[in-house]
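Report on the structure
What follows is each chain in one-letter form.
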Amino acid sequence: MVQIPKTPVPAPPLPRAVPTSADVARLAGVSRATVSYVLNNTSAVRISEPTRRRVHEAAKELGYVPHAAARSLRAGHSHMVLMPAPDFPVGPLYARFLSELQWELGRLDYTVVQYGAVGLQGDDAARAWAELRPVAVLLPGSDLGPKGVTVLKRSGARAVITLGPDSVEGAHALLMDHEAVGHCAGTHLYARGRRRIGVVVPQETTLGSFSAPRLQGVRDALRGTDATVTELPLAYDELSAARLAARWPDLGLDAVFAYNDEYAMLLMRALHDEGVRIPEDAALIGADDLMLGRLLRPRLSTVHIDLPSGRDLAELVDRAVRDPGAAPEARKVLGASTVQRDSS
């Protein structure tokens, strides 16, 4: 019997050492302090442009990036702005706004972290966010309460800013007046001679904080007139839209505000399939002024929404971080105006 010698298994390669600021300093021919000043964008110390270039080139060659936690310890706070992931469907308009905001915060040397706390809400979620020790927390449409704000501030958050229809005690508030959106839509449809007006109310519960004030805005616009308002529950799927369109003759409506452009497009297709003519049989208006609405036939009337610019909001976050003792302020940041097109 011939024995086959075992082939030794090669040892795994040793992991490469993590590059340090000392390695960058040696390669660039500068001190570690200079590396820190350059990579942390310290403005208090003047560094020549050639030196800055050498440090950046050395860091890139070595694959070195500053240690965020160590930088936070030296500064006494992090540069992290925590943005909990929205618990509602993010449409194109809001997604574009969030992208611009993150870019502008990065320009101010903040790191934006989106956090999803599955199953956690309100003050319980705040405790999870506090574990990350953010310098600021920006909350879109949250149900955070005063206790949650206190938890965040005690953990080191210098600013807590809410973005939604209501303010929270202890936090800065950017108020989005969605009643104004509904008011614009209701006023427009009434001015076009429509008197039996339906309002789409999304069945997605996470949209309730937006859809309820939009419905109320329509009611306010038509209060004291001869018009009627009918709620139209609608899920964002083709079957739900088809069922609503099938009973359209029994509803007796001559117009509909469809919550936003996406729901309007969904309902428009279903109404066409049922032979309902737009705008002859039913005027239709959405909201958000998406480009796709201009490409439809008939072109979709809409409510144009003015959100705050990402730069303005990023600068507000920065001011709040630099002055954590300032009294919380509330300001309205949403504007609305009607854009009439063919569908109404």
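See the structure above.
Worth saying up front: this structure is predicted, and the values here are computed from it rather than measured.

Digging into the nonpolar core
In this structure, Leu105 and Phe257 are the most contacted members of the largest nonpolar core, which totals 45 residues. Beyond its immediate chain neighbours, meaning those up to four positions away, Leu105 contacts Val81, Tyr110, Val112, Ala314 and Val317. Within the second largest apolar cluster, 26 residues are counted, among which are Leu207, Trp248, Ala270 and Ala282.

Quick word on unusual backbone geometry
Backbone torsion omega between Ile278 and Pro279 reads 10°, so that peptide bond is classified as cis. Of note, Pro279 is situated in the loop between helix H12 (261–273) and strand S9 (283–285). For the bond running from Arg297 to Pro298, omega is 0°, close enough to zero to count as cis. In this structure, Pro298 sits in the loop between helix H13 (291–295) and strand S10 (302–306). The phi torsion at Arg133 lies on the positive side, around 55°, for a residue other than glycine. Tracing the chain through its elements places Arg133 in the loop between helix H6 (122–130) and strand S3 (136–140). Here Arg133 falls in the partly exposed class, since its relative accessible area comes to 48%.

Quick word on a nonpolar patch on the surface
Side chains of Met291, Leu292 and Leu295 sit close together on the surface and give an oily, nonpolar patch of about 320 Å² of accessible area. On the basis of relative accessible area, Leu295 is assigned to the exposed category, the value being 54%.

Things to note about the pairing of strand S5 (residues 172–175)
In S5, alternate side chains face the same way, and those of His172 and Leu174 on one face and Ala173 and Leu175 on the other are all buried. Sheet topology places strand S4 (residues 159–164) next to S5; 4 bridges connect them, and they run parallel. Looking at S5, one finds that Thr162 is bridged to Ala173. Relative to strand S11 (residues 330–332), S5 runs parallel, the two sharing 3 bridges. Note on S11: the bridge partner recorded for Leu174 is Arg331.

Quick word on the pattern of salt bridges
Applying the stated criterion to the full structure yields 14 salt bridges. For Arg26, the salt bridge is made with Asp23, and the minimal N-O distance between the two is 2.4 Å. Of this pair, Arg26 and Asp23 both sit in helix H1 (residues 21–28), 3 residues apart, roughly one helical turn. Judged by its relative accessible area of 62%, Arg26 is exposed. Asp23 sits in the partly exposed class, given a relative accessible area of 24%.

Quick word on the sheet that holds S9
Here we have 4 strands laid out as an open sheet, ordered S7-S6-S8-S9, and parallel in their pairing. In this open sheet, the two strands that pair with only one neighbour each are strand S7 (228–234) and S9. Here the strands of the sheet are splayed against their neighbours by 25° on average, with no regard to which way each runs.

Comments concerning the packing of aromatic side chains
By the definition in use, this model includes 2 aromatic pairs. Ring geometry for Tyr236 versus Tyr263: centroids 5.0 Å apart, planes at 55°, classification tilted. Of this pair, Tyr236 sits in the loop between S7 and helix H10 (238–246) while Tyr263 sits in helix H12, and the two are 27 residues apart along the sequence. Between Tyr259 and Tyr263, the ring centres sit 5.6 Å apart and the planes meet at 85°, which makes this aromatic pair edge-to-face. Take Tyr259 and Tyr263: they sit in the same class, and that class is buried. Chaining the aromatic ring pairs together yields one cluster made of Tyr236, Tyr259 and Tyr263. The residue whose ring lies beneath Arg195 is Tyr190, and the NZ or CZ to ring-centre distance is 3.6 Å.

Thoughts on the sheet that holds S4
In a beta sheet, neighbouring strands pair by backbone hydrogen bonds and run either parallel or antiparallel. The sheet built from 6 strands is open, its strands ordered S2-S1-S3-S4-S5-S11 with parallel pairing. The sheet is open, and its two edges are formed by strand S2 (111–115) and S11, each paired on a single side. With strand direction ignored, the average angle separating the axes of adjacent strands in the sheet is 20°. Alignment of S3 against S4, held across 5 bridges, turns out to be parallel. Paired with Val137 across the bridge in S4 is Val160.

Observations concerning the side chain of Ser240
Counting through the fold element by element, Ser240 comes out in helix H10. Note on Ser240: relative accessible area 14%, which makes it buried. Not counting residues up to four positions away in its chain, the partners in contact with Ser240 are Gln203, Leu234 and Ala235.

Here we look at helix H8 (residues 178–191)
Taking 1.5 Å per residue as the helical rise, H8 with its 14 residues ought to reach 20 Å, and the 20 Å between its terminal C-alpha atoms agrees with that figure. Looking at the packing, one finds that the buried side of H8 touches strand S6 (196–202), helix H9 (208–222), strand S8 (255–257), S9, S10 and strand S12 (335–339). Where H8 begins, the side chain of Asp177 points an oxygen toward the backbone nitrogen of Glu179, at a separation of 3.3 Å. A positive phi of about 90° marks Gly193, the residue just after H8.

Rules used throughout
Residues numbered from 1 in each chain as written. Predicted model: local features only at pLDDT ≥ 70, side-chain atom pairs only at ≥ 80, totals over all residues. Heavy atoms only, no water. Core = buried A, V, L, I, M, F, W, Y, C linked by side-chain atoms within 4.5 Å. Buried < 20%, exposed > 50% of the residue type's maximum accessible area, 1.4 Å probe, protein only. Contact = heavy atoms within 4.5 Å. Helix = DSSP H or I, 4+ residues; strand = E, 2+ residues; numbered from the N terminus. Patch = residues over 30% accessible without salt bridge, like charges linked within 9 Å, V, L, I, M, F, W, Y side chains within 5 Å. Areas by Shrake-Rupley, 256 points an atom, 1.4 Å probe, with all protein chains shown as cover. Salt bridge = Lys/Arg side-chain N within 4 Å of Asp/Glu carboxyl O. Pairing = 2+ DSSP bridges. Axes fitted to C-alpha atoms, helices over the stretch in contact; angles between N-to-C directions. Phe/Tyr/Trp six-rings, centres within 6.5 Å; stacked < 30°, edge-to-face > 60°. Lys NZ or Arg CZ within 6 Å of the ring centre and 35° of its normal. Expected span 1.5 Å × (residues − 1). Polar contact = N/O pair within 3.5 Å; in protein donor to acceptor, adjacent residues only side chain to side chain.

Don't take any of this as a statement about function, it's just geometry.
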